[in-house]
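Listed below, chain by chain, are the residues.
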Amino acid sequence: MEPADWEAWGWRIPFLVSILLVGISLYVRKNMAESPLFAQAKEKGETSRNPLKEALGKRKT
């Protein structure tokens, strides 16, 4: 691909591919059942209330 073509429209190609991949991942995630272990933890109320905060927050030392 010529540099002028890349600057005009070529840089959009990776974004278009990523939209397709996000669509596929959402379809797969929607149609996938939870694991038995996670379903059991969810029934017992043992899942995290805010997993993003726990994953990215400060560590307890």
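The rules we used
Residues numbered from 1 in each chain as written. Predicted model: local features only at pLDDT ≥ 70, side-chain atom pairs only at ≥ 80, totals over all residues. Heavy atoms only, no water. Phe/Tyr/Trp six-rings, centres within 6.5 Å; stacked < 30°, edge-to-face > 60°. Buried < 20%, exposed > 50% of the residue type's maximum accessible area, 1.4 Å probe, protein only. Salt bridge = Lys/Arg side-chain N within 4 Å of Asp/Glu carboxyl O. Helix = DSSP H or I, 4+ residues; strand = E, 2+ residues; numbered from the N terminus.

**Things to note about the packing of aromatic side chains**
Piece 1. On inspection of all chains with the given rule, the structure shows 1 aromatic pair.
Piece 2. Summarising the aromatic geometry, the rings of Trp11 and Phe15 are spaced 6.2 Å apart at their centres and angled 80° between planes, so their arrangement reads as edge-to-face.
Piece 3. With relative accessibility at 38%, the residue Trp11 sits in the partly exposed group.
Piece 4. The exposed category is assigned to Phe15, whose relative accessible area is 53%.

**Concerning the pattern of salt bridges**
Piece 1. All told, the structure shown has 1 salt bridge when counted by the stated rule.
Piece 2. For Arg29, the salt bridge goes to Glu34, with nearest N and O atoms at 2.9 Å.
Piece 3. The partly exposed category is assigned to Glu34, whose relative accessible area is 39%.

**Structural notes on the environment of Ala33**
Piece 1. Secondary-structure assignment places Ala33 in the loop between α2 (13–31) and α3 (36–44).
Piece 2. C-alpha of Ala33 to C-alpha of Leu56: the two residues are 23 residues apart in sequence and 26 Å apart in space.

By themselves, these figures tell us nothing about what the structure is for.
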